[in-house]
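Chain by chain, the residues run as shown.
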Amino acid sequence: MRKPHGVDLNDLRDWIGLLKQEEDLVEIDIPVDEVHAIGPITRSAFKRNLPVLHFRNLLHSEASLLVNAFASRRRLALLLGTEEGHLVQEYIKRSDRNRWCLPQVAEKAPCKEKKNFHEAVDIRRFPQTVWNPCDGGPYFTMGMVRVRNPENGTANVSVNRLQVKDRNHLTIFTNKERGLGRAIWKYWERGEPAPVVVTFGGDPFYLLAAIDTPGPDEDEMALAGGIKGHPLEVAYGEICRDLDFPAGAEVVFEGVVHPESYADEGPFGEVNGYLSEQGVAPVMEIQAITHREDPVFSGTYAGIPPVETTVIQDLMIEATLTKTLLKSGVDVAQIHIVPGSGGHQAAISIRKRNESDLRRVIRFSMAVLPIKQVLVTDADVDVSIPEQRQWVLSTRFDPAKDIHLIPHAPAINIDPMAQELDGKKTVTKMVLDATRPEWAKGNPFIIAKSLVEQAEEFLNKYVPFAPRD
Ligand SMILES: Cc1cc2nc3c(=O)[nH]c(=O)nc-3n(C[C@H](O)[C@H](O)[C@H](O)COP(=O)(O)O)c2cc1C
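None of these values were measured; they are calculated from a predicted model.

Asks: Would you mind showing me how to read the site of the ligand here?
Replies: Residues in contact with the ligand amount to 18 residues; listed here are only the nearest, Asn156, Val159, Arg161, Arg178 and Ile211. Arg161 is positioned such that a nitrogen or oxygen atom in its backbone is 2.8 Å from an oxygen atom of the ligand. In this structure, Leu180 approaches the ligand through a main-chain N or O atom, which is 3.2 Å from an oxygen atom. Listed by contribution, the elements that provide at least two residues to the shell around the ligand are strand S8 (155-159), helix H5 (179-189), helix H6 (204-211) and helix H8 (308-327). Of all the elements, S8 adds the most residues to the shell around the ligand, at 3 residues.

Structure follows, in structure tokens:
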């Protein structure tokens, strides 16, 4: 088992240091065009499983740019001080509500080393990238957007794509169903502008909490503290004095979203591999930018999954659904979101006691918004291995009895298969029950783990070749 790395991770620079130590980061000092070249390079580096890239000499920006920083389960396991095989369990443990803790105000806030207000604000000084040539313009893709819900005072944070409009405006892609969108529209209902802070970099655990969805009206800052194991150090805004964010953030945009202020947004090459249509989105007016000396900006590529976004979101879905099913009394062995499905396909192995276990799996997995197709198996199957999934579908599954269709189930808004029903996006969902019926013939056999380990040891010693493609 991987030993905890023992490094105190408080900001992106600590994370860069740890990645360097692991020889999982390459610094690129030749000039690179961040507008057009970064997207394809980031995509190819991810596909080839290359190290994190740190571009330190961008053509049009003083800041440097880090891409693919959390784009593999190996990196997420490193962040959580565990090994890949224990990643989900570790995340479940760390995100447990009993560990949540409120942040502390930092004595020093490096994110305020440089300050620019009003006329001096220009967001285009930071790496703005057209990630896919079909995108409607340059985007920031790793901004963490924080807004306080004026009704209950709880602040929300989420990662949202941000389209650069001009020197001091960007659009925020969200909708009324999301925590962020809900809060913005609440201000608008009152005829008030919504104060917003966008941060880049900073405490890596804040990023995980921003992507997780602990529930409506929960402040992910406390969750971030839980995942980290102690309170986050935060600063409050220069203009948005009521909003806190990691004091070690690299770059901070502060401003407001004025009531009913919309601008064109998109098209954008989405994480499901489809180009979103052009629409409109709320516009943020940036009134202040603060940043560290030599800021390290962050970005990520979206396109046909898997991409960095789905790598992180898949972990969140696995952890959330595992917790929900265990709570409902189902004895879950493993949950695996199939990479490349964009969070839409889950394979779940359970120790099934009766048919009500299956009904609960159907009910709770179908309630997870992105999940559309579920394969349910017995616990002897390693559902993370594609061949094992095919094996049970071929030998434990009767299409006449084992397909469960759920029509008109709620869909995510960017799903190309979604259809409107009563003003809501819906899709047909499906569960394939490949748990073994009692009447099936033959006895599945497995080889004891110790024998497999001995065989591996033998091969490593006497046949020391890298696996052939
Ligand atoms: C890189 C990245 C980009 C994302 N972009 C968006 C986005 O543009 N709009 C959106 O609604 N969710 C986006 N998400 C997902 C949200 O950040 C995530 O679902 C979050 O938990 C939503 O939180 P909320 O429901 O509290 O607002 C993105 C996630 C990642 C990792």
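Asks: Is there a simple way to explain the packing of aromatic side chains in this structure?
Replies: As enumerated under the stated definition, the model contains 12 aromatic pairs in all. Taking the centre distance of 5.8 Å and the plane angle of 75 degrees together, the rings of Phe140 and Phe200 count as edge-to-face. Of this pair, Phe140 sits in strand S6 (residues 139-140) while Phe200 is found in strand S11 (residues 194-200), placing the two residues 60 residues apart along the sequence. For Phe140, a relative accessible area of 1% translates into the label buried.

Asks: Explain the nonpolar core to me, please; I cannot follow it from the model alone.
Replies: Note that soluble globular proteins tend to have their nonpolar side chains buried in a common cluster. Counting 57 residues, the largest nonpolar core has Trp15, Leu66, Phe70, Leu76, Tyr91, Leu208 and Ile227 as its most contacted members. Going through the elements one at a time, helix H1 (12-21), helix H3 (73-79), helix H4 (87-94), S8, H6, helix H7 (220-228), strand S12 (233-236) and H8 are the ones with two or more residues in this core. Among the elements that line this core, the one with the most residues is H6, at 7 residues. Setting aside anything within four residues of it in sequence, one finds Phe70 in contact with Trp15, Arg75, Leu76, Leu79, Pro204, Leu207, Glu308, Val311 and Ile312. Among the nonpolar cores identified, the runner-up in size contains 44 residues, and Ile123, Val145, Ile184 and Ala194 belong to it.

Conventions and cut-offs
Residues numbered from 1 in each chain as written. Predicted model: local features only at pLDDT ≥ 70, side-chain atom pairs only at ≥ 80, totals over all residues. Heavy atoms only, no water. Near = heavy atom within 4 Å. Polar contact = N/O pair within 3.5 Å; in protein donor to acceptor, adjacent residues only side chain to side chain. Helix = DSSP H or I, 4+ residues; strand = E, 2+ residues; numbered from the N terminus. Phe/Tyr/Trp six-rings, centres within 6.5 Å; stacked < 30°, edge-to-face > 60°. Buried < 20%, exposed > 50% of the residue type's maximum accessible area, 1.4 Å probe, protein only. Core = buried A, V, L, I, M, F, W, Y, C linked by side-chain atoms within 4.5 Å. Contact = heavy atoms within 4.5 Å.

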